[in-house]
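# Architecture at a glance
Spelled out from the first residue to the last, the chains are:
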Amino acid sequence: AIDTTSIQLQKPIARLVIKDLIKGDGANEELALRLAKDRDSWKEKISNLVSLLKNMSNLSECQVTMLSYRQILLDKITDFKTTKQKRQAAYDRYYKIKYREYSIDYDVKLTSGEKVAFIKADLSNLRTQMEMLQSHIDYYQECMKTCDNLAFAIRNRIRLDDEQQ
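Heads up: these notes are all about the structure in this document. Each residue is numbered by its place in its chain's sequence as written, counting from 1. Reporting in this predicted model follows two pLDDT cut-offs: at least 70 for local features of residues, and 80 or more for side-chain atom pairs to be given and counted; totals over whole chains, interfaces and linings ignore these cut-offs and use all residues. No hydrogens and no water enter the side-chain calculation; it runs on all heavy atoms of the structure.

## Quick word on the overall build of the protein chain
When you go through the protein chain residue by residue, the secondary structure sums to 4 helices and 0 strands. Secondary structure counts use DSSP, requiring at least four H or I residues in a row for a helix and at least two E residues in a row for a strand, with both numbered from the N terminus. Each helix and strand of the protein chain, placed in order from N terminus to C terminus, yields the pattern α-α-α-α. Relative to its full complement of 165 residues, the protein chain shows a buried share of 24%. Any two residues whose heavy atoms approach within 4.5 Å at even a single point are treated as in contact. For the protein chain, the share of sequence-separated contacts (at least 6 apart) that also reach a separation of at least 24 residues comes to 79%. Each accessible area is a Shrake-Rupley estimate made with a 1.4 Å probe; only the visible protein chains count as cover when residues are assessed. Counting only carbon and sulfur atoms, one obtains 54% of the accessible surface of the protein chain, whose full area is about 12,000 Å². Buried, partly exposed and exposed residues are distinguished by accessible area as a fraction of the type maximum, computed with a 1.4 Å probe on protein chains only: under 20%, between the cut-offs, and over 50%, respectively.

## Observations concerning the nonpolar core
Within the largest apolar cluster, 23 residues are counted, with the highest numbers of intra-cluster contacts made by Leu-49 and Leu-73. Secondary structure elements with two or more residues in this core: helix 1 (11-52), helix 2 (59-105) and helix 4 (124-164). When residues no more than four places from it in sequence are discounted, the contact partners of Leu-73 are Trp-42, Tyr-140, Cys-143, Met-144 and Cys-147. Among buried residues, those of type Ala, Val, Leu, Ile, Met, Phe, Trp, Tyr and Cys that are joined through side-chain atoms within 4.5 Å constitute a nonpolar core. Counting 8 residues, the second-largest nonpolar core is a separate cluster that includes Ala-90, Tyr-91, Tyr-102 and Ile-119.

## Here we look at the packing of aromatic side chains
Stacked, tilted and edge-to-face are the three classes assigned to paired rings of Phe, Tyr and Trp, where Trp is represented by its six-membered ring and a pair needs centres within 6.5 Å; plane angles under 30 degrees give stacked, over 60 edge-to-face, the rest tilted. By the definition in use, this model includes 6 aromatic pairs. Where Trp-42 meets Tyr-69, the ring centres are 5.3 Å apart and the plane angle is 80°; that geometry is what we call edge-to-face. Of this pair, Trp-42 sits in helix 1 while Tyr-69 sits in helix 2, and the two are 27 residues apart along the sequence. Here Trp-42 and Tyr-69 have matching classes, each one buried. Taken together, Tyr-102, Tyr-106 and Phe-118 form an aromatic cluster joined through their ring pairs. Any Lys NZ or Arg CZ that is within 6 Å of a ring centre and within 35 degrees of that ring's normal is treated as a charge sitting over the ring. One residue, Lys-45, lies across the ring of Trp-42, its end atom 4.3 Å from the ring centre. Over the ring of Tyr-91 we find Arg-127; its NZ or CZ atom is 4.5 Å from the centre of that ring.

## Re the packing of helix 2 against helix 3 (residues 112-122)
Here, axes are lines fitted to C-alpha atoms. For helices the fit covers the stretch in contact, and angles between N-to-C directions go from 0 to 180 degrees. Direction vectors running N to C along helix 2 and helix 3 enclose 135°, while the axes themselves pass 10 Å from each other. The angle between the axes of helix 2 and helix 3 places the two elements in the oblique class. For the pair helix 2 and helix 3, the sense of crossing is right-handed. Across from Tyr-91, Tyr-95, Lys-98, Tyr-99, Tyr-102 and Ser-103 in helix 2, the residues of helix 3 making contact are Ser-112, Lys-115, Val-116, Phe-118, Ile-119, Lys-120 and Asp-122. Amino acid classes used here: Ala, Val, Leu, Ile, Met, Phe, Trp, Tyr, Cys and Pro are nonpolar; Asp, Glu, Lys and Arg are charged; the rest, including Gly, are polar. Its residues assigned to classes, the contact of helix 2 with helix 3 shows 7 nonpolar, 2 polar and 4 charged. Our angle categories are set so that under 35 degrees counts as roughly parallel, over 145 as roughly antiparallel, 65 to 115 as roughly perpendicular, and the remainder as oblique. Left-handed is the label given to a crossing in which the near helix is rotated counterclockwise from the far helix by less than a right angle, and right-handed is the label when the rotation is clockwise.

Here it is as structure tokens:
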């Protein structure tokens, strides 16, 4: 059977709901684009570092740049973790507010599972942002591992060159 029940929201509330949905989705899209642009930038930086390994005369530049990038990544990881923790705190506050709203102020009595489902739906944009931030933190950590591996590659490249001479 098809549910044909219509939901009528008062106009100011309907506008707020629609505005919140558009704003939330737009903010997530903007964040996704910024993070993708940043990943592309780091991919290019790391690729350039790897290409410097080909020539012995570039190894010192490669090593200095790699150490600089490693520190920048460490700072970015810290910043992103702080931002994620702030978003988590906001999520927890809103969760509490929404739970109270659905428990006390909502017109229909909801089960605990229904309250949780409604709250998760209400806070899905914030949860998505936290997941995107965590994904980016993971990406930065992998870039740091690549930089660490480059340090070993530089050492091995120097050792090979010494053995060949």
